[in-house]
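Okay, here's what each chain looks like letter by letter:
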Amino acid sequence: MDFNLQNSVHTLAIYHNPSGCIDRPFLTEQFRHILDNGKLDGYIQEIQYKPPLSCETAWRPVRPLPNQSEAFETVWKHYREDGNVF
């Protein structure tokens, strides 16, 4: 799950780019990347597996943090029952 807390989402994803940089000396070539300069800060990428061997990707806006203050166990029970935490 992703939540936008006061307009700030703290996530990290590195996508290989052959013309990018490697910013740590201990990283290998597979970590060569280019920063997006915050262009995608308000979005999350969803990836869905499609059998037998492919994936479908989509970008969507992050969801706001719910205002409820239920205990974890209660939220988890609701999620198991209907797949929703809101």
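Residues numbered from 1 in each chain as written. Predicted model: local features only at pLDDT ≥ 70, side-chain atom pairs only at ≥ 80, totals over all residues. Heavy atoms only, no water.

A.B. asks: How should I be thinking about the packing of aromatic side chains in this particular structure?
C.D. replies: Both the distance between ring centres and the angle between the ring planes are used here to describe each pair of aromatic rings. Within this structure, the stated rule accounts for 2 aromatic pairs. Taking 6.2 Å as the distance between ring centres and 10° as the angle between the ring planes, the aromatic pair formed by F72 and W76 counts as stacked. Placement of the pair is F72 and W76 together in helix 1 (residues 72-82), with a separation of 4 residues, close to one helical turn. Here F72 falls in the exposed class, since its relative accessible area comes to 60%. Note on W76 and Y79: the rings are 5.6 Å apart at their centroids and 25° apart in plane angle, and the pair reads as stacked. (Phe/Tyr/Trp six-rings, centres within 6.5 Å; stacked < 30°, edge-to-face > 60°. Helix = DSSP H or I, 4+ residues; strand = E, 2+ residues; numbered from the N terminus. Buried < 20%, exposed > 50% of the residue type's maximum accessible area, 1.4 Å probe, protein only.)

A.B. asks: Explain the environment of C55 here, please?
C.D. replies: On the secondary structure map, C55 appears in strand 3 (residues 54-61). Not counting chain neighbours up to four residues away, the residues in contact with C55 comprise I47, Q48, Y49 and K50. (Contact = heavy atoms within 4.5 Å.)

A.B. asks: Hey, could you run me through unusual backbone geometry in this one?
C.D. replies: Glycine aside, negative phi is the norm for most residues, and most peptide bonds take the trans geometry. The residue after P51, namely P52, is reached through a cis peptide bond having omega 5°. Looking at the element boundaries, P52 is found in the loop between strand 2 (43-50) and strand 3. Phi at N37 takes a positive value of approximately 55°, unusual for a residue other than glycine. One can find N37 in the loop between strand 1 (3-4) and strand 2.

A.B. asks: Could you clarify how one ought to interpret the confidence of the model for the protein in this entry?
C.D. replies: In low-pLDDT regions, the fine details of the predicted coordinates are not to be read closely. In this model, the protein carries an average pLDDT of 80, and 83% of its residues clear a pLDDT of 70 or more. Here strand 1 is the element of the protein with the lowest mean pLDDT, 44, and strand 3 is the one with the highest, 91. Across residues 1-10, confidence stays below pLDDT 50; counting only partners more than four residues off in sequence or on other chains, it has 20 contacts. (pLDDT = per-residue confidence, 0-100.)

A.B. asks: Quick question: what am I supposed to make of the pairing of strand 3 here?
C.D. replies: Side-chain positions along a regular strand alternate between the two faces of the sheet. Pairing of strand 2 with strand 3 involves 8 bridges; the strand directions are antiparallel. Its bridge partner being in strand 3, Q48 is matched across the sheet by E56. Linking strand 2 back to strand 3 in an antiparallel pair, the connection comprises 3 residues. (Pairing = 2+ DSSP bridges.)

A.B. asks: Even after reading the chapter, I still don't get the side chain of H33, so can you show me in this structure?
C.D. replies: Tracing the backbone shows H33 in the loop between strand 1 and strand 2. Within the structure, H33 has its side chain in polar contact with the backbone oxygen of F31 (distance 2.8 Å). Among all residues touching H33, those that are not within four sequence positions of it are I14, Y15, N17, G20, C21 and D23. (Polar contact = N/O pair within 3.5 Å; in protein donor to acceptor, adjacent residues only side chain to side chain.)

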